[in-house]
Amino acid sequence: MLLRQNESAAYAIGASLYDYRWHVVATDLAGIVIDREQVDLATPDAEAAVAGLGDGIQRLRQRLDPQRMLPLIGIGPPGLVDVSSDVVKSATDLGWRDVPIGERITERTGVPCAVVNRSKAGALAAYWHIARRTVDHLIFISIGTGVSAGIVQQGRLLLGANSSAGELGHITIVPDGPRCECGNRGCLQELISERAIASGARAALRRNPDSVLLEICGHHPETLTAFQVLDAAERGDAVALSVVETISGYLTVAVANLINLFNPQLIILGGPVAERSPRLVASVARSVGDRAMAYPLSVARIVSNELGPEAGAVGTAVLVLENAPRLILQLPIYR
Ligand SMILES: [Zn+2]
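Just so it is clear, the model here is predicted, and its values are computed rather than measured.

## Examining the overall build of the protein chain
Right, so step 1: A tally of regular secondary structure across the protein chain gives 14 helices and 13 strands.
Right, so step 2: Its C-alpha radius of gyration of 20 Å places the protein chain within 12% of the 20 Å reference for a compact globule of 335 residues.
Right, so step 3: Projecting the C-alpha coordinates of the protein chain onto the three principal axes gives extents of approximately 70 × 45 × 35 Å.
Right, so step 4: Out of the 335 residues in the protein chain, the part that is buried amounts to 54%.
Right, so step 5: Contacts in the protein chain between residues far apart in sequence, at least 24 positions, make up 64% of those at least 6 positions apart.
Right, so step 6: Put simply, the protein chain shows about 14500 Å² of open surface, and 49% of that area lies on carbon and sulfur atoms.
Right, so step 7: Between the mean site of the 30 positive side-chain charges and the mean site of the 34 negative ones, the protein chain shows a separation of 3 Å.

What follows is the structure, given as structure tokens:
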């Protein structure tokens with residue numbers, strides 16, 4: 001078959017937002033990245049983000065053969081995405097609401113778009129590359145400014161009735177916990193996101209002023225970042241370790257619930273927080289057995305995301321590749 005024989009016959013473009021940076025990739029028909037662009041956002045507002053994405057795609061396309069580009073662009077923004085209209089309904093961590101990102105990028109590029117939440121895109125990438133399509137049940141969890149999950153069941157991405165399945169960040173972990181932008185209290189996102197890690201560490205610093213964290217932030221706790229905390233924990237700082245242990249406890253509850261609910265073979269912990277903290281991934285893998293049922297747990301492995309920050313972008317390219325047999329026939333060379 002043509003697609004198997006020549007993986008460079010065409011390429012797909014996909015993009016995803018990761019920690020205020022658009023990763024835009026071009027992949028061959030096997031989903032291997034052949035070129036990439038990155039665009040950093042000065043501000044997280046939706047207008048700037050859409051403009052930055054358009055620039056990144058344009059720059060990448062200028063370097064590639066236009067005759068071989070599959071005529072669909074995959075986009076993986078954060079938040080609740082209506083996949084039927086390619087609109088981000090809301091992304092609470094960034095303050096986006098009703099952003100017609102697919103339409104805006106099509107206006108700019110002249111190419112139709114397919115939009116899914118970035119964690120769903122991460123799940124697709126993990127299905128192709130980490131599971132190599134031999135594992136049919138996996139869950140990709142992204143932890144960063146927001147928290148969400150992409151669920152692959154029986155080799156297919158689970159969307160739900162209005163494509164909002166997988167909003168792991170807004171499951172209730174602490175009934176009377178901190179107020180969340182979604183209107184609920186004690187959401188997982190409010191307990192383990194980058195913002196939660198930084199504020200948890202600031203609170204711990206007030207009780208332990210001799211922590212090395214105080215030097216790391218130049219004695220300005222208000223500037224402390226989640227990444228500084230995670231790095232200090234990897235180096236053994238007691239205050240940072242206590243913060244990681246706390247978020248590990250919350251995340252373990254969520255992961256155990258997912259194991260009992262979905263019976264996955266693989267749970268991939270990704271996003272800026274998990275990828276920065278091998279200790280967090282190890283801690284969840286170690287303690288999940290205290291909560292999940294032994295039978296579903298017996299087939300579940302918990303791993304870190306080896307695809308790194310490009311996972312979402314690669315996953316949206318995979319979304320395009322899933323349509324490759326139809327799209328390739330639209331290329332000029334086959335018309
Ligand atoms: Zn919430």
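## Some remarks on the nonpolar core
Right, so step 1: Residues Ile141, Leu213, Val255 and Leu269 are the most contacted members of the largest nonpolar core, which totals 47 residues.
Right, so step 2: In terms of residue count, helix 9 (residues 238-262) provides more of this core than any other element does, 11 residues in total.
Right, so step 3: Beyond its immediate chain neighbours, meaning those up to four positions away, Leu213 contacts Ala201, Leu205, Leu224, Gln228, Val229, Ala232, Asp237, Val239 and Ala240.

## Topic: the environment of Trp128
Right, so step 1: Relative to the elements of secondary structure, Trp128 occurs in helix 4 (residues 118-130).
Right, so step 2: Between the C-alpha atom of Trp128 and that of Val212, which follows or precedes it by 84 residues, the distance is 41 Å.
Right, so step 3: The residues contacting Trp128, other than those within four sequence positions of it, are Leu29, Ala30, Gly31, Arg133, Val318 and Leu321.

## Things to note about the coordination of the zinc ion
Right, so step 1: Taken together, the protein ligands of the zinc ion are His170 (ND1), Cys180 (SG), Cys182 (SG) and Cys187 (SG), with distances of 2.0 to 2.3 Å.
Right, so step 2: Taken together, the four donor atoms surrounding the zinc ion define angles of 103 to 123° at the centre, an arrangement classified as tetrahedral.
Right, so step 3: Counting gaps between the donor residues of the zinc ion yields the pattern H-x9-C-x1-C-x4-C. Of the two residues, His170 is situated in the loop between strand 11 (156-157) and helix 5 (188-192) and Cys180 in the loop between strand 11 and helix 5; the sequence distance between them amounts to 10 residues. Here His170 matches Cys180 in class, with each residue buried.

## Structural notes on helix 13 (residues 311-321)
Right, so step 1: In terms of burial, helix 13 is largely enclosed, as 11 of its 11 residues are buried.
Right, so step 2: Along helix 13, the residues classified as buried are Ala311, Gly312, Ala313, Val314, Gly315, Thr316, Ala317, Val318, Leu319, Val320 and Leu321.

## A closer look at the packing of helix 6 (residues 194-207) against helix 8 (residues 226-234)
Right, so step 1: At a minimum axis distance of 8 Å, the contact between helix 6 and helix 8 shows a crossing angle of 65°. Taken together, the axis directions place helix 6 and helix 8 in an arrangement best described as roughly perpendicular. In the crossing of helix 6 with helix 8, the sense of the turn from one axis to the other is left-handed. On the side of helix 6, the interface is formed by Glu194, Ile197, Ala198 and Ala201, while helix 8 contributes Ala226, Phe227, Val229 and Leu230.
Right, so step 2: Its residues assigned to classes, the contact of helix 6 with helix 8 shows seven nonpolar, no polar and one charged.

## Overview of the pairing of strand 10 (residues 147-153)
Right, so step 1: For strand 10, a buried count of six out of seven residues is recorded, marking the element as mostly surrounded by other parts of the structure.
Right, so step 2: Taken together, the six bridges between strand 9 (residues 138-143) and strand 10 define a ladder with antiparallel strand orientation. Counterpart to Leu138 in the pairing with strand 10 is Val152.
Right, so step 3: Summarising the sheet, strand 10 and strand 11 pair through two bridges and their orientation is antiparallel. Pairing of Gln153 across the sheet is with Arg156, part of strand 11.

## Details of the domain arrangement of the protein chain
Right, so step 1: Per the domain assignment, the segments making up the protein chain are domain 1 (2-115 + 310-334) and domain 2 (132-304).
Right, so step 2: Taken over C-alpha atoms, the centre of domain 1 sits 27 Å from the centre of domain 2.
Right, so step 3: Taken together, the 12 residues of domain 1 in the interface contact 17 residues of domain 2.
Right, so step 4: Taking both sides of the interface into account, the surface hidden between domain 1 and domain 2 amounts to around 990 Å²; carbon and sulfur atoms contribute 56%.
Right, so step 5: The largest per-residue losses of area from domain 1 upon contact with domain 2 belong to Tyr18, Asp19 and Thr92, which jointly make up 46% of the total buried on that side.
Right, so step 6: Remark: the boundary between domain 1 and domain 2 carries six residue pairs in polar contact (both at pLDDT 80 or more).
Right, so step 7: Per-element accounting of the side of domain 1 that touches domain 2 gives the leading share, three residues, to strand 5 (residues 80-82).

## A look at the packing of helix 4 against helix 13
Right, so step 1: Look at helix 4 against helix 13: their axes get within 7 Å of each other, and the N-to-C directions meet at 75°. Looking at the two axes, helix 4 sits roughly perpendicular to helix 13. On helix 13, the residues that touch Arg118, Ala121, Gly122, Leu124, Ala125, Trp128 and His129 of helix 4 are Ala311, Gly312, Val314, Gly315, Thr316, Val318, Leu319 and Leu321.
Right, so step 2: Residues of the contact of helix 4 with helix 13, tallied by class, amount to nine nonpolar, five polar and one charged.

The rules behind each value
Residues numbered from 1 in each chain as written. Predicted model: local features only at pLDDT ≥ 70, side-chain atom pairs only at ≥ 80, totals over all residues. Heavy atoms only, no water. Helix = DSSP H or I, 4+ residues; strand = E, 2+ residues; numbered from the N terminus. Rg over C-alpha atoms; globule rule 2.2 N^0.38 Å. Buried < 20%, exposed > 50% of the residue type's maximum accessible area, 1.4 Å probe, protein only. Contact = heavy atoms within 4.5 Å. Areas by Shrake-Rupley, 256 points an atom, 1.4 Å probe, with all protein chains shown as cover. Lys, Arg positive; Asp, Glu negative; His and termini not counted. Charge placed at Lys NZ, Arg CZ, Asp CG, Glu CD. Core = buried A, V, L, I, M, F, W, Y, C linked by side-chain atoms within 4.5 Å. Donors = N, O, S within 2.8 Å, 3.2 Å for Na, K, Ca; no water. Tetrahedral: all angles 85-135°; square planar, octahedral: opposite > 155°, others 65-115°. Axes fitted to C-alpha atoms, helices over the stretch in contact; angles between N-to-C directions. Parallel < 35°, antiparallel > 145°, perpendicular 65-115°, else oblique. Left-handed = near helix turned anticlockwise from the far one by under 90°. Nonpolar A, V, L, I, M, F, W, Y, C, P; charged D, E, K, R; others polar. Pairing = 2+ DSSP bridges. Domains from an automatic or database assignment. Buried area = accessible area lost by both parts, 1.4 Å probe. Polar contact = N/O pair within 3.5 Å; in protein donor to acceptor, adjacent residues only side chain to side chain.

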